[in-house]
Amino acid sequence: MKIDILASGSDGNCIALTSSGKTILIDVGVAKTKIEKRLLEVGIRPDSIAAIFITHAHGDHIKGLPLANKYDIPVWATDGEWKGISGVDKRLQRVAETRFGRYEMIELDGMHLYPFKTHHDAFEPVGYAIEPDDGPRTCVVFDTGKVDSEMLEMMEGSVYIIEANHDQDMVRESNYPLSVQDRVLSDLGHLSNEQTATALQKLIKGQGERIYLTHLSSSNNMPALAEATVKAALRKRGYIEGTHYHLEVV
């Protein structure tokens, strides 16, 4: 599966995943025109997008939803997150259904998507595990304050697109009000570099897995710091980047 990170970070997030000529978007958190421009830069026609999948209805994940109305793209989100989304034509709205406490698989012409619960101060946030018909399983985990055992189960054996939002010390030393610091660091906030590294220690098996560190805070993190934290954690497991796994910070 072809992975294109169209936007990542505090200002907005958008990922394009292409399998067997079919492209979906996970979140559309920057302006519609920027998404169109980035899609064309990576060789994808905006009018060819098969579906948009939303993790949660915060602005840095849904700002570009006018793209859906312009190109008649179905938009998937949980019932809870639709409470925070407006302006999408009713006929394009799709709801991720639950059964026996888990989200049902969504099939899109051979591409199978499995939403799963994450932990963020939104209505009903999710991550997505995607199984294409022509490549490895891929998992997208944005805004979550923690990674629990059920999340690890859903993520295992994937290409990992996961947030490494902040350095905890940088948050505490920032100019953010204490209430905002507490929110970021809470179980309903964002993953720190250390939390992401700990999760990856449990997931990586040294079999050449690909890791994309995403959604880095522009003010409370640095790419080199996120990268070093994850590499140090995996080195404790005996894994060396470039040999046992491959890491990219975006």
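Structure: above.
Attention here is on the structure that accompanies the text. (Residues numbered from 1 in each chain as written. Predicted model: local features only at pLDDT ≥ 70, side-chain atom pairs only at ≥ 80, totals over all residues. Heavy atoms only, no water.)

## Here's the deal with the overall build of the protein chain
Secondary structure summary: the protein chain contains eight helices and 15 strands in total. Relative to the 2.2 N^0.38 estimate, which gives 18 Å for 250 residues, the radius of gyration of the protein chain is 17 Å and therefore close to what a compact globule would have. A buried classification covers 53% of the 250 residues belonging to the protein chain. At a minimum sequence separation of 6, the contacts of the protein chain that also span at least 24 residues come to 59%. Averaging the coordinates of the 27 positive side-chain charges in the protein chain and doing the same for the 36 negative ones gives two points 2 Å apart. (Helix = DSSP H or I, 4+ residues; strand = E, 2+ residues; numbered from the N terminus. Rg over C-alpha atoms; globule rule 2.2 N^0.38 Å. Buried < 20%, exposed > 50% of the residue type's maximum accessible area, 1.4 Å probe, protein only. Contact = heavy atoms within 4.5 Å. Lys, Arg positive; Asp, Glu negative; His and termini not counted. Charge placed at Lys NZ, Arg CZ, Asp CG, Glu CD.)

## Focus: the sheet that holds strand β4 (residues 49-53)
The sheet built from six strands is open, its strands ordered β1-β2-β3-β4-β5-β6 with mixed pairing. One side of each edge strand has no neighbouring strand; the edge strands of this open sheet are β1 (2-7) and β6 (93-96). For this sheet the average axis-to-axis angle between neighbouring strands, irrespective of direction, equals 25°. Here five bridges tie β1 to strand β2 (residues 14-19), and the two strands are oriented antiparallel to one another. Its bridge partner being in β2, I3 is matched across the sheet by L17. (Pairing = 2+ DSSP bridges. Axes fitted to C-alpha atoms, helices over the stretch in contact; angles between N-to-C directions.)

## What to know about helix α1 (residues 32-41)
When we look at burial in α1, the residues that qualify are I35, E36 and L39. Considered in projection along α1, the buried side chains sweep an arc of 100° and stay on one side of the axis. Of the residues in α1, the exposed ones pointing more than 90 degrees away from the buried face are K34 and K37. Here the buried face of α1 lies against β1, β2, β3 (22-28), β4 and α3 (66-71). G43 sits one or two positions beyond α1 and adopts a positive phi of about 85°. (Arc of directions from axis to C-beta.)

## Quick notes on unusual backbone geometry
In this structure, S20 is a non-glycine residue whose phi angle is positive, near 50°. A positive phi angle, close to 50°, is found at D109, a residue other than glycine. Structurally, D109 is set in the loop between β9 (106-108) and β10 (111-117).

## With respect to the pairing of β1
Across the six residues of β1, five count as buried, placing the element largely inside the fold. Count of turn residues in the β1/β2 antiparallel hairpin: six residues, of which G9 carries a positive phi of about 130°.

## So, the pattern of salt bridges
Taken as a whole and assessed by the stated rule, the structure comprises 15 salt bridges. With its nearest N and O atoms 3.1 Å apart, the salt bridge here joins K22 to D109. Of this pair, K22 sits in strand β3 while D109 sits in the loop between β9 and β10, and the two are 87 residues apart along the sequence. The shortest N-O distance in the salt bridge between E36 and K70 comes to 2.9 Å. With E36 in helix α1 and K70 in helix α3, the pair connects residues that are 34 residues apart, well separated along the chain. The class of K70 is partly exposed, set by a relative accessible area of 48%. Ionic contacts of the salt-bridge type, sharing partners, join the residues K32, E36 and K70 into one network. (Salt bridge = Lys/Arg side-chain N within 4 Å of Asp/Glu carboxyl O.)

## Section: the nonpolar core
The nonpolar side chains of a soluble globular protein tend to be buried with one another. Ranked by internal contacts, the top residues of the largest apolar core, which has 27 residues, are F116, M155, L200, I204, I211, L213 and L234. Looking at this core, the elements with two or more residues in it are β12 (138-141), α4 (149-155), β13 (159-163), α7 (193-203), β14 (209-214), α8 (223-235) and β15 (245-249). With residues near it in sequence (within four places) discarded, L234 still touches L200, Q201, I204, I211, Y239 and Y245. (Core = buried A, V, L, I, M, F, W, Y, C linked by side-chain atoms within 4.5 Å.)

## Points about the state of the cysteines
For the structure shown, the criterion picks out zero disulfides. Looking at C14, it has no disulfide partner, and the nearest cysteine sulfur is the one in C139, 17 Å off. (Disulfide = S-S within 2.5 Å.)

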